[in-house]
Amino acid sequence: MTFLSRVITAFGGLLLTHACYSAREHTALQSLRAATASSLTSSPTVSSSLPLDIILETLISTLIILVGLVLGTRPLRPIEWRVWAGKIEREGEAGFTDGSGVVDRDYMGNPFSVFESRPNFVDIRKQRKEFAEWVQKGGAEATRYYAGGTQ
Amino acid sequence: MAQPVLYPPTQLSPAAALALSQRAPTILRSSPSTVSSSPFSALFAGSEKSELWLQYENLILSCLRTGDENAARQCLQRLVARFGEDNERVQALSGLVKEAEAKSNSALEGILKEYDQILSESDTNIPIVKRRIALLRSMGRVSDATSALVQLLEFSPTDAEAWSELSDIYLSQGLYPQAIYAMEEVLVLAPNAWNIHARLGELQYMAATAPGVAHGSYQKYMAEAIKRFSRSIELCDDYLRGYYGLKLVSKKLLSDGAKATKLPEDGEVSFPDTKTIERLNELATAKLVEIVRHSTAHDRGWRGYSQAEIAAAQELLSEDESAASGIKR
């Protein structure tokens, strides 16, 4: 999806550059023609506008760039509270990861989980004891499995 | 997997905590060892990020848990270098490191004295007050911890975390009405917290099924539990914990039969009728089956549930099935 959007945006940019270049060339040509015409005939020249194809190219290329950029945005966040909360519970981190595998910077899981985990009241000695027991019970085995699973 | 270390690690599983603390040396190496607070250096060295300090705090917690005190000390040193010894949060963190390293009870008493010393200078140092309460509780002096916590809540009544801790202390003592009251205070402060609604429902259920509870209060607790679990589901689609609780409570009520669901005399409690409870039970069963099916199949977008919770839901469902087949026979 991101690759497609980049290709589309780049193509639109190319078209826009081409349109700008054409417009510049056109005005240069016009002024040159006007200068030669005035030196030859000294009659007032008609002011000419850009040809239709350049105008169309500019508009269409802008549209294409817009489409490319819109396609490349992240999926929108749910607006309804219960949908958003459900997404956190159901999908976890995976629901807030963009195409390249980076978790959203402001994703923090359930924001109210601190009321249950209470980090400021943490009983660190109990946690250490529990961790030591877990290691003794063959937690290292599980860790190896865990580390292998995430790679 | 380079996830940010931005949320408190107390809820992580032991394996995840170990993985996090094993990443500590890399994180310590990749971030600058000192960040000057002078505005001139900030002009040249780029802006400092608040995430960095949060990361250090969380690293300290998980490194202490896994016994990697060196890394914890390094993190603490960096925090001290940036914020100074007198910062309240840094004081609490250094107290935490000392607690973790304390070998004997007398060392813990010494730390407690230090906390008292700090509090005698300024008794509104909330991080230290919290540490002191946690230490008291950890040392088994629960009544002291409770009175200190009540005192803290008297001058800081909007601290939801403290109310939640109070509820947990009361629960550990088996004082269900008090625990429920404290948890309700948390809900007043965070009315959208779906996990707190589910937690309150669990407390009500525990209170209802505790031995020696009167019939009237049993009904009151069960009615409240149903309400709380329903609210948590309302706030969060596909909330496994909420549906699990709802199923548990409605199943219990249905097995009690019609007499239990009769309205009590005082009429204070509004109790849903049997038909509603049956429908709630069906809904919870259907949802649980759906969640378990998707999650065990590792479907895309259903991978956020913890394995333990899924296993518990499976067990509850299989109990239901075996009961149903028993009736048929």
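How each quantity is defined
Residues numbered from 1 in each chain as written. Chains lettered and ligands numbered in written order. Predicted model: local features only at pLDDT ≥ 70, side-chain atom pairs only at ≥ 80, totals over all residues. Heavy atoms only, no water. Helix = DSSP H or I, 4+ residues; strand = E, 2+ residues; numbered from the N terminus. Buried < 20%, exposed > 50% of the residue type's maximum accessible area, 1.4 Å probe, protein only. Contact = heavy atoms within 4.5 Å. Areas by Shrake-Rupley, 256 points an atom, 1.4 Å probe, with all protein chains shown as cover. UniProt positions renumbered as here; feature names shortened; annotations may be inferred. Buried area = accessible area lost by both parts, 1.4 Å probe. Salt bridge = Lys/Arg side-chain N within 4 Å of Asp/Glu carboxyl O. Polar contact = N/O pair within 3.5 Å; in protein donor to acceptor, adjacent residues only side chain to side chain. Nonpolar A, V, L, I, M, F, W, Y, C, P; charged D, E, K, R; others polar. Phe/Tyr/Trp six-rings, centres within 6.5 Å; stacked < 30°, edge-to-face > 60°. Expected span 1.5 Å × (residues − 1). Core = buried A, V, L, I, M, F, W, Y, C linked by side-chain atoms within 4.5 Å. Axes fitted to C-alpha atoms, helices over the stretch in contact; angles between N-to-C directions. Parallel < 35°, antiparallel > 145°, perpendicular 65-115°, else oblique. Left-handed = near helix turned anticlockwise from the far one by under 90°.

A.B. asks: Looking at this model, I keep getting lost on the overall build of chain B. Mind explaining?
C.D. replies: Counting secondary structure elements, chain B contains 16 helices and zero strands. Going through the 329 residues of chain B one by one, you find that 46% of them count as buried. Considering only residue pairs separated by 6 or more positions, chain B has 58% of its internal contacts joining residues 24 or more positions apart. Working note: accessible area of chain B is about 16,500 Å², and carbon and sulfur atoms make up 53% of it.

A.B. asks: Help me out: how do you make sense of the UniProt feature "domain: EMC2 TPR-like" (unreviewed entry) in chain B in this one?
C.D. replies: Listed under "domain: EMC2 TPR-like" (unreviewed entry) in the UniProt record, and renumbered for this structure, are residues 113-213 of chain B. Across residues 113-213 of chain B, the secondary structure splits into 78% helix and 0% strand, with the terminal C-alpha atoms separated by 41 Å.

A.B. asks: Help me out: how do you make sense of the interface of chain A and chain B in this one?
C.D. replies: How big an interface is tends to be stated in terms of accessible area lost as the parts join. Listed per partner, the contact involves 37 residues of chain A and 56 residues of chain B. Interface area for chain A against chain B, summed over the two sides, is near 4,500 Å², with a carbon-plus-sulfur share of 59%. We note a salt bridge from Arg 118 of chain A to Glu 165 of chain B, for which the minimum N-O separation is 2.5 Å. In this structure, the connection of chain A to chain B is made through 20 residue pairs in polar contact (both at pLDDT 80 or more). Only α3 (81-91), α4 (114-117) and α5 (124-150) of chain A provide two or more residues apiece to the side of chain A that touches chain B. It is α3 of chain A that contributes the most residues to the side of chain A that touches chain B, ten residues altogether. Of the residues belonging to the side of chain A that touches chain B, the class tally is 18 nonpolar, eight polar and eleven charged.

A.B. asks: Sorry if this is basic, but what is going on with the packing of aromatic side chains here?
C.D. replies: For any two aromatic rings, the description comes down to two numbers: the centre-to-centre distance and the angle of the planes. All names here are of chain A. Tallying each qualifying case throughout the model produces ten aromatic pairs over all chains. Ring plane angle 65 degrees and centroid distance 5.1 Å describe the contact between Trp 81 and Trp 84, whose orientation is recorded as edge-to-face. Of this pair, Trp 81 and Trp 84 both sit in helix α3, three residues apart, roughly one helical turn. Owing to a relative accessible area of 32%, Trp 81 belongs among the partly exposed residues under this scheme.

A.B. asks: Before we go on, may I ask you to explain helix α15 (residues 274-296) of chain B in this structure?
C.D. replies: Residue pairs spaced three or four apart in an α-helix point in one direction, given the helix's 3.6 residues per turn. Residue and element names in this part refer to chain B. Across its 23 residues, α15 extends 32 Å between first and last C-alpha, which sits within 8% of the 33 Å expected from 1.5 Å per residue. Taken together, the buried positions of α15 are Ile 277, Leu 280, Asn 281, Ala 284, Thr 285, Leu 288, Ile 291, Val 292, His 294 and Ser 295. One or two residues past the end of α15 sits His 298, with phi positive at roughly 55 degrees.

A.B. asks: Teacher, can you tell me more about α3 of chain A here?
C.D. replies: When α3 of chain A is considered as a whole, its buried residues turn out to be Ala 85, Gly 86, Lys 87, Ile 88, Glu 89, Arg 90 and Glu 91 of chain A. Looking at the buried side of α3 of chain A, the elements it contacts are α12 (194-209) and α13 (215-235) of chain B. Directly after α3 of chain A, the chain includes Gly 92 of chain A, whose backbone phi takes a positive value near 65 degrees.

A.B. asks: Just to check I follow, could you spell out the environment of Ile 133 of chain B for this structure?
C.D. replies: Within the fold, Ile 133 of chain B resides in helix α8 (residues 126-138). Take Ile 133 of chain B: its relative accessible area is 0%, and that puts it in the buried class. The sequence separation of Ile 133 of chain B and Gly 245 of chain B amounts to 112 residues, and the corresponding C-alpha distance is 31 Å. Aside from chain neighbours lying at most four places away, what touches Ile 133 of chain B is Phe 121 of chain A together with Ala 145, Ala 148, Leu 149 and Leu 152 of chain B.

A.B. asks: Teacher, can you tell me more about the pattern of salt bridges here?
C.D. replies: If the charged atoms of two oppositely charged side chains come close together, the side chains can form a pair. Residue and element names in this part refer to chain B. Per the counting criterion, the structure on display carries 28 salt bridges over all chains. A salt bridge links Arg 132 to Asp 116; its shortest N-O distance comes to 2.8 Å. Placement of the pair is Arg 132 in helix α8 and Asp 116 in helix α7 (residues 105-121), with a sequence separation of 16 residues. Residue Arg 241 pairs with Glu 202 through a salt bridge whose shortest N-O separation is 2.8 Å. With Arg 241 in helix α14 (residues 240-256) and Glu 202 in helix α12, this pair connects stretches of sequence that are 39 residues apart.

A.B. asks: Sorry if this is basic, but what is going on with the side chain of His 197 of chain B here?
C.D. replies: By the element assignment, His 197 of chain B lies in helix α12. Residues within four places of His 197 of chain B in sequence aside, it is in contact with Leu 187, Pro 191, Arg 228, Arg 231, Ser 232 and Leu 235 of chain B.

A.B. asks: Can you help me understand the side chain of Lys 247 of chain B in this one?
C.D. replies: Residue and element names in this part refer to chain B. Positionally, Lys 247 belongs in helix α14. Of the residues examined, Lys 247 reaches a relative accessible area of 0% and is grouped as buried. Discounting chain neighbours no more than four positions away, the residues touching Lys 247 are Asn 281, Ala 284, Thr 285, Leu 288, Leu 316, Leu 317 and Asp 320.

A.B. asks: So what exactly am I meant to see when it comes to the UniProt feature "repeat: TPR" (unreviewed entry) in chain B here?
C.D. replies: In the UniProt entry, the feature "repeat: TPR" (unreviewed entry) is given for residues 160-193 of chain B. For residues 160-193 of chain B, the end-to-end C-alpha separation is 11 Å, with 79% helix and 0% strand making up the annotated structure.

A.B. asks: How do you make sense of the nonpolar core when you look at a structure like this?
C.D. replies: Across soluble globular proteins, nonpolar side chains show a tendency to be buried alongside one another. Ranked by size, the top nonpolar core spans 81 residues in total, and within it Ile 133, Leu 149, Trp 194 and Val 249 of chain B carry the most contacts. Once you skip the residues sitting within four places of it in the chain, Leu 149 of chain B turns out to touch Phe 121 of chain A together with Ile 133, Ala 162, Glu 165, Leu 166 and Ile 169 of chain B.

A.B. asks: I'm lost on the packing of α12 of chain B against α13 of chain B in this one. Help?
C.D. replies: Two measures define how a pair of helices packs: the angle their axes make with one another and the distance between the axes. Residue and element names in this part refer to chain B. Where α12 meets α13, the axes come as close as 8 Å, and the angle between the chain directions of the two elements is 160 degrees. Considering their axes alone, α12 and α13 lie roughly antiparallel with respect to each other. Crossing geometry of α12 relative to α13 is assigned as left-handed. In contact with Trp 194, His 197, Ala 198, Leu 200, Gly 201, Glu 202, Gln 204, Tyr 205, Ala 207 and Ala 208 of α12, α13 contributes Tyr 218, Tyr 221, Met 222, Glu 224, Ala 225, Arg 228, Phe 229, Arg 231, Ser 232 and Leu 235. Each residue belonging to the contact of α12 with α13 can be placed in one class, and the counts come to twelve nonpolar, four polar and four charged.

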